[in-house]
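Fold and contact review
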Amino acid sequence: MDHLSLASCATTLTLVAVGIAMVTDLRSRRIPNLLTFPAMLVGILLRTTFQGWEGLGLSLCGLLGGPLLLQLLHTGRGQGMGDIKLAAAVGALLGQPLTLVARWLTALAGGVLAIASQLRPGGVLAGWLSFALFGFPGMCRFAKANAYVPVAKTPATIPYGV
């Protein structure tokens, strides 16, 4: 198997794993171990089989380096461990160089998701946008709309595995 077909195979497997993780994360707010651990193993075996010792090294570097930033965020209760294990699986599948690209794309998607969550009714950005576009009457409508929103007992979270 040449390098191009290995890369497309690893990318396809990564997209499948991340797609399944996205669906389970949105439905149950969990990323199952039954998905992440086999994906890690397949990534290590795939790279080792077709690239030898170099592939094993790239896969292990991705496995350990991919979730490093997420581990720092988790210590502050930022995310669940499923996200970290998924990042490790992506690192094992893609190898160290592409893992960095995947982390940047994930951060970009998380930023877009966070902004979108603040634009929904009751979000901070929705209030400022209402005031900027409609002035005081817009703020009155915003306040009236938010008066009927029940306060959640748990803080709002974003399914970052998505």
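Every value quoted in this text rests on a predicted model; they were computed, and no experiment measured them.

So, on to the side chain of Arg-47. Position of Arg-47 among the secondary structure elements: in helix H2 (residues 33-65). For the buried Arg-47, which has no salt bridge, the nearest side chain bearing the opposite charge is Glu-54, at an N-O separation of 8.2 Å. If we skip the residues at most four places from it in the chain, Arg-47 touches Leu-6, Ala-10, Gly-52, Gly-55, Leu-56, Ser-59, Ala-92, Leu-93, Leu-94 and Gly-95.

Here the focus is the packing of H2 against helix H4 (residues 81-94). Orientation of H2 relative to H4, taken along the N-to-C sense of each, is 30°, at an axis distance of 6 Å. Taken together, the axes of H2 and H4 are roughly parallel relative to one another. Between H2 and H4 the crossing geometry is left-handed. In this structure, H2 contributes Asn-33, Thr-36, Phe-37, Ala-39, Met-40, Val-42, Gly-43, Ile-44, Arg-47, Ser-59, Gly-62 and Leu-63 to the contact, and H4 contributes Gly-82, Lys-85, Leu-86, Ala-88, Ala-89, Gly-91, Ala-92, Leu-93 and Leu-94. A class-by-class count of the residues in the contact of H2 with H4 yields twelve nonpolar, seven polar and two charged.

This paragraph deals with the nonpolar core. Grouped together as the largest cluster of nonpolar side chains are eight residues: Ala-39, Met-40, Ile-44, Leu-63, Ala-88, Ala-89, Ala-92 and Leu-93. When neighbours within four sequence positions are excluded, Ile-44 is seen to be in contact with Leu-56, Ser-59, Leu-60, Leu-63 and Ala-92. Ala-17, Ala-21, Ile-31 and Leu-86 belong to the second largest nonpolar core, which has five residues in total.

The next point concerns the packing of H2 against helix H5 (residues 96-119). Geometry of a packed helix pair, given as the angle between the helix axes and the separation of the axes. Running from amino to carboxyl end, H2 crosses H5 at an angle of 30°, the nearest separation of the two axes being 8 Å. As the angle between them shows, H2 and H5 are arranged roughly parallel. The segment H2 lies against H5, with Leu-58, Cys-61 and Gly-62 engaging Gln-96, Pro-97 and Thr-99.

If you trace the backbone, Gly-95 turns up in the loop between H4 and H5. For the pair Gly-95 and Leu-63, spaced 32 residues apart in sequence, the C-alpha separation works out to 7.6 Å. Residues contacting Gly-95, with those up to four places away along its chain left out, are Arg-47, Leu-58, Ser-59, Gly-62 and Val-90.

What follows deals with the confidence of the model for the protein. Looking at the protein, the pLDDT average stands at 76 and 65% of residues meet or exceed 70. The least confident element of the protein is helix H6 (residues 124-147), whose mean pLDDT is 57; the most confident is H2, at 90.

Reading guide: rules and limits
Residues numbered from 1 in each chain as written. Predicted model: local features only at pLDDT ≥ 70, side-chain atom pairs only at ≥ 80, totals over all residues. Heavy atoms only, no water. Helix = DSSP H or I, 4+ residues; strand = E, 2+ residues; numbered from the N terminus. Buried < 20%, exposed > 50% of the residue type's maximum accessible area, 1.4 Å probe, protein only. Lys, Arg positive; Asp, Glu negative; His and termini not counted. Salt bridge = Lys/Arg side-chain N within 4 Å of Asp/Glu carboxyl O. Contact = heavy atoms within 4.5 Å. Axes fitted to C-alpha atoms, helices over the stretch in contact; angles between N-to-C directions. Parallel < 35°, antiparallel > 145°, perpendicular 65-115°, else oblique. Left-handed = near helix turned anticlockwise from the far one by under 90°. Nonpolar A, V, L, I, M, F, W, Y, C, P; charged D, E, K, R; others polar. Core = buried A, V, L, I, M, F, W, Y, C linked by side-chain atoms within 4.5 Å. pLDDT = per-residue confidence, 0-100.

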